[in-house]
Amino acid sequence: MFFFNSRSKATTLLACLTLSGFLNSATAGPALKLHVPSPDWRDQIIYFLMTDRFEDGNPHNNNQGAGEFNPQKESHYSGGDLAGVKKRLDYIQGLGATAVWITPPVANQWWNGEYGGYHGYWASHFKRLDPHVGTLKEYQALSDALHRKGMYLVQDIVLNHTGDFFRYKNWSPQDPAQGFEFKPTSVPMKAPTQAPFDMNDPRNPVHRAAGIYHWTPDVNNYNDRQQELNFQMSGLDDLNSENPVVRRALRDSYGHWIRQVGVDAFRLDTAVFVPPDAVQDFLYAKDPKHPGMRIVAQQTGRKDFFTFGEGFAIDRAGETKAMRKIEGYVRDGQGKPVMQGMLNFPLYGSLGEVMARGRPTQELGERIRQMMTVHSDPHRMPSFLDNHDVDRFLKGGHEVALRQSLAAIMTLPGIPTLYYGTEQGFKEQRAAMFAAGYGSGGKDHFDTQAPLYLFTQSLAQVRKQHRVFSRGVPTVLRDDAAGAGLATCA
Ligand SMILES: [Ca+2]
Ligand SMILES: [Ca+2]
Ligand SMILES: [Ca+2]
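**Description of the domain arrangement of the protein**
So, step 1. Each assigned domain of the protein is listed here: domain 1 (41–160 + 241–489) and domain 2 (163–240).
So, step 2. On a C-alpha basis, the centres of domain 1 and domain 2 stand 27 Å from each other.
So, step 3. The interface of domain 1 with domain 2 comprises 33 residues on the first partner and 29 residues on the second.
So, step 4. Of the roughly 2400 Å² buried at the junction of domain 1 and domain 2 (both faces included), carbon and sulfur atoms supply 53%.
So, step 5. At the junction of domain 1 with domain 2, the criterion picks out 2 salt bridges.
So, step 6. Summed over the shared surface of domain 1 and domain 2, the result is 22 residue pairs in polar contact (both at pLDDT 80 or more).
So, step 7. Per-element accounting of the side of domain 1 that touches domain 2 gives the leading share, 6 residues, to strand β4 (residues 123–129).

So this is what it looks like as structure tokens:
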């Protein structure tokens, strides 16, 4: 109907067929379901997976030819990708999870000279996908598939740093050019490829004037708040979070994933390494061209875009210092909102001490009581037993204690967050679920009849059937200050 009159009938017919074939392949099936309203996050159950270690849906993207791919080694890429996650959504939903948290899918430094970037936390470009995880089309297909199942997509993000492209010898606070050097064996690029993050050389006057980085050495004292905020965490090049140019570029980069893919929530990595006001800017900035994420999300129909942060802070029994530090990223010193939740590291710490390591149950009882008073919204704090940065529960704890702990997070306030592989009894922190990946033992682990899979499934059903577990306020009926915890009951 939109062909030129001058063409012959035969040509028009041919063109029509060709074009209609093209249109069909480009818009096959109904429109993608990228944007859905926000759920009540208190009622969700999150499944956290490392994309590289979960499932390989496309073997063609595994090896990008820079020596970064080697499933025999924990430090290298194993080949998991977004298409693999999509392939296993029935498995994840069958467990009872309602949302999937994926590790950062953005383009990464693949090798810093000592270790690989398969985990995704070493960005080289915040607005592009890493070729190992797949294409924009595959990411959109994952979002679409999740939403069609009534599930939600949680993207892991980083505001604090890029990859590890430079380091210091003999750092001087007066002169960031002094002692600066690029890491000699960075693969596949020497510096981030995205403006303005590519301006990372303080010896270059233009870069120096732009002030995109803090240009500091590694943190050597994590109790020093200035170091924590401004130095390099584990060698990762610390961004100048105070610089409006940095803030705008990060809003632009991450707003892209909400708009283009339909991300429903962010998990903010290394949150306590950036000041709360930088996170507030990220979420609430009114800049009409590059607004904060809560505003971008509203434009896509999400009224409650959920961002929860990581603050690796654990209190000793009876103390609440770490709890209050974490709470400072939910409500700032003036009571203004920052994030909607923070990962509940203090509860994780107490659960491990009592359930896995035999400390008295009174420590957990007290932690639960404190949780309900120190935190303004404990029901939106994701709770967990282990993750990719700590030992898995079963590395040191008994399976009976793991079951008790799963029951605890499924019935206490907070969003239960399950680390992939727990339901298959994994003990190795970052082992692959798929046969060809690292540490898999040469077999797939998607067994929906595994005892811990079925146990978790039954707990998830109980939590969903009784809203008291996601909305209620617990009362500790009994605990014991003297006796051993639950680790000995096995
Ligand atoms: Ca792959
Ligand atoms: Ca920082
Ligand atoms: Ca570095």
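Let's pick the thread back up.
**As for the coordination of the calcium ion (ligand 3)**
So, step 1. The protein atoms that coordinate the calcium ion (ligand 3) are D164 (OD), F166 (O), Q232 (OE1), G235 (O) and D237 (OD), at distances of 2.2 to 2.4 Å.
So, step 2. All donors to the calcium ion (ligand 3) come from one chain, and their sequence spacing reads D-x1-F-x65-Q-x2-G-x1-D. In this pair, F166 sits in strand β6 (residues 166–168) while Q232 sits in the loop between α7 (225–230) and α8 (244–261), placing the two residues 66 residues apart along the sequence.
So, step 3. By relative accessible area, F166 is classed as buried at 0%.
So, step 4. Residue Q232 is classed as buried on the basis of its relative accessible area, which comes to 1%.

**Description of the coordination of the calcium ion (ligand 1)**
So, step 1. At the metal site, the calcium ion (ligand 1) is ligated by D56 (OD), N58 (O), N61 (OD1), N62 (OD1), G79 (O) and D81 (OD), and these contacts range over 2.2 to 2.6 Å.
So, step 2. One can describe the donor arrangement at the calcium ion (ligand 1) as irregular, given that its 6 donor atoms subtend angles of 65 to 171 degrees at the metal.
So, step 3. Mapping the donors of the calcium ion (ligand 1) onto the primary sequence gives the spacing D-x1-N-x2-N-N-x16-G-x1-D. On the criterion of sequence distance, the pair formed by N62 in the loop between α2 (51–54) and α3 (82–87) and D81 in the loop between α2 and α3 is long-range, its members being 19 residues apart.
So, step 4. Judged by relative accessible area, which is 8%, N62 ranks as buried.

Conventions we followed
Residues numbered from 1 in each chain as written. Chains lettered and ligands numbered in written order. Predicted model: local features only at pLDDT ≥ 70, side-chain atom pairs only at ≥ 80, totals over all residues. Heavy atoms only, no water. Domains from an automatic or database assignment. Contact = heavy atoms within 4.5 Å. Buried area = accessible area lost by both parts, 1.4 Å probe. Salt bridge = Lys/Arg side-chain N within 4 Å of Asp/Glu carboxyl O. Polar contact = N/O pair within 3.5 Å; in protein donor to acceptor, adjacent residues only side chain to side chain. Helix = DSSP H or I, 4+ residues; strand = E, 2+ residues; numbered from the N terminus. Donors = N, O, S within 2.8 Å, 3.2 Å for Na, K, Ca; no water. Buried < 20%, exposed > 50% of the residue type's maximum accessible area, 1.4 Å probe, protein only. Tetrahedral: all angles 85-135°; square planar, octahedral: opposite > 155°, others 65-115°.

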